[in-house]
Amino acid sequence: MQELFNIFVKSIFVDNMVFAYFLGMCSYLAVSKTVNTSVGLGLAVIFVLGITVPVDYLLNDYILKPGALVWLDPEFADVDLSFLSFILFIAIIASMVQLVEMVVEKFSPALYSSLGIFLPLIAVNCAILGGSLFMQEREYQSLAQATSFGLGSGVGWFLAIVGIAAIREKIRYSNVPGPLRGLGITFIITGLMGIAFMSFLGIKL
Amino acid sequence: MSTDKQEREPLFSAKNRKLLTNPLNIDNPITVQVLGICSALAVTAKIKPAFVMALSVIVVTTFANLIISVMRNGIPPRIRIIVQLVVIASLVILVDQVLKAFVYDVSKQLSVFVGLIITNCIIMGRLEAFAMGNKPWPSILDGVGNGLGYGIILIIVGFVRELFGSGTIWGYHVIPEAFYDFGYKNNGFMILPPMALIIVGIIIWIQRSRNPELIEEN
């Protein structure tokens, strides 16, 4: 239990998707103009990461990694399908996003219309695929660990986008130099937030 | 325009040259279209991985644009995203295997970011915005141009970070020993992730002060 909690906290603060690996920057920059939409998108990302990482973990464990097919037949012990992981992971993610889109449309039309184009774009949000690929690279030992990593990364991304959205709402009243307005200042603020998040690096978990 | 006229259009007409050169500056995928930021920042601590990454992205954008442009009339609009993803993912698998075979150490350094080319918005974005509606040859040029525009930013950021962060360029020491004797220190801060963001921010700043039409409202 303690270990799961450690993975969760670590993936929120120390290995933050946005500040440590720059994943999901495109939607992070595009949707962070107001806090409301960014909360919606952040929640959607938590949800999708929380589903896709465990599903991809099972996929990796039972089909893709070297020798994973042994449960079918001992003959397959030296079959290594890991080169297929990109295409299978992205297929799982695309279908999960489609599913989430349908659920959101049915149960929360308001959220659906405010997310607009960005919901389908979660499919190509690098944070989602990145979550699965990091899960594969770091070789988590159990489904529970993979799940807590997925949820933690989602929460980290949520924190980052809500933080930047709040700052951007306020910065509209500041006198930013012309050429730096919009994108430029957002980059620099993100860099400063990243420096702040680096203070978590020393934490031993 | 009649097809006849299209065929007689020279391969590098003014319009086609624009496709190639616009993304390098006023239509740069990273600083203006805001596409493909993620990988641009993560692999630029050194020039070598940045260069390999830029090359991989150029290859993938070019061929993905070509393939989708050839198939564009046969793709049902409803499932086009899945078709595009499959094409991109197959190309990325090829690139990944080639990198693993020939430059294994760089491929290890890039780690998950090669796979993340799949979700690099430059590729998706160009497919949607250009290749779905244009002939193969302009699409190839558009792919090469955007790949190059992406690569240029990567190399600039990589150059600055490696020069000031490690005192090397492409792994060779360029800052003379004498400097270190005078107390010059490598700025370890440059290697850390947040500096990449700040450098890109500064690049955007410089670019926009030279092209005032790019300045945003708010």
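Residues numbered from 1 in each chain as written. Chains lettered and ligands numbered in written order. Predicted model: local features only at pLDDT ≥ 70, side-chain atom pairs only at ≥ 80, totals over all residues. Heavy atoms only, no water.

Chemist: Quick question: what am I supposed to make of the overall build of chain A here?
Modeler: Looking only at helices and strands, one finds ten helices and zero strands in chain A. Mapped from its N terminus to its C terminus, chain A presents α and β elements in the order α-α-α-α-α-α-α-α-α-α. For 205 residues, the compact-globule formula gives about 17 Å, and the C-alpha radius of gyration of chain A, at 19 Å, lands near that figure. Residues classed as buried in chain A amount to 51% of the 205 residues present. Taking as baseline every contact in chain A between residues at least 6 positions apart, the subset at least 24 positions apart corresponds to 76%. Within the structure as shown, chain A displays about 9,100 Å² of accessible surface, and the carbon and sulfur contribution to it stands at 68%. Taking the average location of the 10 positive side-chain charges in chain A and that of its 13 negative ones, the two points are 22 Å from each other. (Helix = DSSP H or I, 4+ residues; strand = E, 2+ residues; numbered from the N terminus. Rg over C-alpha atoms; globule rule 2.2 N^0.38 Å. Buried < 20%, exposed > 50% of the residue type's maximum accessible area, 1.4 Å probe, protein only. Contact = heavy atoms within 4.5 Å. Areas by Shrake-Rupley, 256 points an atom, 1.4 Å probe, with all protein chains shown as cover. Lys, Arg positive; Asp, Glu negative; His and termini not counted. Charge placed at Lys NZ, Arg CZ, Asp CG, Glu CD.)

Chemist: Would you mind going over the overall build of chain B with me for this structure?
Modeler: Helices and strands together make up the secondary structure of chain B, namely ten helices and two strands. The linear arrangement of helices and strands in chain B, starting from the amino end, is α-α-α-α-α-α-α-α-β-β-α-α. Seen through its principal axes, chain B has C-alpha atoms that stretch 70 × 45 × 35 Å. Expressed as a percentage of the 218 residues in chain B, the buried residues total 49%. Considering only contacts within chain B whose residues lie at least 6 apart along the sequence, 74% involve residues at least 24 apart. Just so you have it, chain B exposes about 10,500 Å², and 67% of that area is on carbon and sulfur atoms.

Chemist: So what exactly am I meant to see when it comes to the side chain of B:T61 here?
Modeler: Residues and elements named next belong to chain B. Mapped onto the secondary structure, T61 falls in helix α4 (residues 47–71). Judged by its relative accessible area of 2%, T61 is buried. Only 3.1 Å separates the side chain of T61 from the backbone oxygen of G143, close enough to count as a polar contact. (Polar contact = N/O pair within 3.5 Å; in protein donor to acceptor, adjacent residues only side chain to side chain.)

Chemist: It is not clear to me how the pattern of salt bridges should be interpreted in this structure. Could you clarify?
Modeler: A side chain with one charge may pair with a side chain of the opposite charge, provided their charged atoms come close. All names here are of chain A. The tally for this structure, following the rule as stated, stands at five salt bridges over all chains. In this structure, D15 engages R138 in a salt bridge whose closest nitrogen and oxygen atoms are separated by 3.8 Å. Placement of D15 in the loop between α1 (2–14) and α2 (17–21) and of R138 in helix α8 (residues 126–138) is noted, with a sequence separation of 123 residues between them. Of the residues examined, R138 reaches a relative accessible area of 27% and is grouped as partly exposed. A salt bridge links K65 to D61; its shortest N-O distance comes to 2.6 Å. Linked through salt bridges whose partners overlap, the residues forming this network are K10, D15 and R138. (Salt bridge = Lys/Arg side-chain N within 4 Å of Asp/Glu carboxyl O.)

Chemist: Would you mind showing me how to read the environment of A:F22 here?
Modeler: Relative to the helices and strands, A:F22 resides in the loop between α2 and α3 (25–31). Sequence separation between A:F22 and A:C126 is 104 residues, and the spatial gap between their C-alpha atoms is 8.9 Å. Excluding residues within four positions of it along the chain, A:F22 makes contact with A:M17, B:C38, B:L41, B:A42, B:P193, B:A196 and B:L197.

Chemist: Explanation requested: unusual backbone geometry in the structure shown.
Modeler: All names here are of chain A. Residues other than glycine seldom take positive phi values, yet F22 does so here, at roughly 60 degrees. Unusually for a residue other than glycine, E139 sits at a positive phi of about 55 degrees. Its place among the elements puts E139 in the loop between α8 and α9 (143–171). For E139, a relative accessible area of 58% translates into the label exposed.

Chemist: What is the right way to read the side chain of B:T168 from this model?
Modeler: Residue and element names in this part refer to chain B. Within the secondary structure, T168 is located in strand β1 (residues 168–169). Polar contacts involving the side chain of T168 include one to the side chain of E162, which spans 2.8 Å. Not counting residues within four places of it along the chain, the set of residues in contact with T168 comprises K46, E162, L163, H173 and V174.

Chemist: Any chance you could explain the environment of A:M17 here in plain terms?
Modeler: Residue and element names in this part refer to chain A. Mapped onto the elements, M17 comes out in helix α2. A relative accessible area of 2% places M17 in the buried class. The spatial distance from the C-alpha of M17 to the C-alpha of I128 is 9.7 Å, given a sequence separation of 111 residues. Excluding anything up to four places from it in sequence, M17 contacts F22, L23, A127, G130, G131, S153 and W157.

Chemist: Just checking my understanding: could you explain the packing of helix α10 (residues 183–197) of chain A against helix α10 (residues 193–210) of chain B for this structure?
Modeler: In helix packing, the relevant descriptors are the interaxial angle and the interaxial distance, both defined with respect to the helix axes. α10(B) packs onto α10(A) with a crossing angle of 165 degrees between their chain directions and a minimal axis gap of 8 Å. When the axis of α10(A) is compared with that of α10(B), the two are roughly antiparallel. Along this stretch, α10(A) crosses α10(B), giving a crossing that reads as left-handed. When α10(A) is examined against α10(B), the residues A:L183, A:G184, A:F187, A:I188, A:T190, A:G191, A:L192, A:G194 and A:I195 are found in contact with a partner set consisting of B:P194, B:L197, B:I198, B:V200, B:G201, B:I204 and B:R208. Its residues assigned to classes, the contact of α10(A) with α10(B) shows ten nonpolar, five polar and one charged. (Axes fitted to C-alpha atoms, helices over the stretch in contact; angles between N-to-C directions. Parallel < 35°, antiparallel > 145°, perpendicular 65-115°, else oblique. Left-handed = near helix turned anticlockwise from the far one by under 90°. Nonpolar A, V, L, I, M, F, W, Y, C, P; charged D, E, K, R; others polar.)

Chemist: Can you help me understand the interface of chain B and chain A in this one?
Modeler: Where interface size is quoted, it is often the accessible area lost as the parts come together. Chain B puts 42 residues into the contact, and the matching count from chain A is 41 residues. Buried area between chain B and chain A, both sides added, is near 3,600 Å², and the carbon and sulfur share of it is 83%. Our count for the contact surface shared by chain B and chain A stands at zero residue pairs in polar contact (both at pLDDT 80 or more). Listing elements by their share of the side of chain B that touches chain A, those giving two or more residues are α3 (37–42), α5 (80–102), α7 (121–129) and α10 of chain B. When residues in the side of chain B that touches chain A are grouped by element, the largest group, eleven residues, is from α10(B). (Buried area = accessible area lost by both parts, 1.4 Å probe.)

Chemist: Before we go on, may I ask you to explain a nonpolar patch on the surface in this structure?
Modeler: Residues and elements named next belong to chain A. On the surface, L58, Y62, I63, W71, L72, F76 and L143 cluster together into a nonpolar patch covering about 650 Å² of accessible area. In terms of residues, the nonpolar patch owes the most to one element, helix α4 (residues 35–64), which gives three residues. Tracing the backbone shows L72 in the loop between α4 and α5 (85–107). For L72, a relative accessible area of 51% translates into the label exposed. (Patch = residues over 30% accessible without salt bridge, like charges linked within 9 Å, V, L, I, M, F, W, Y side chains within 5 Å.)

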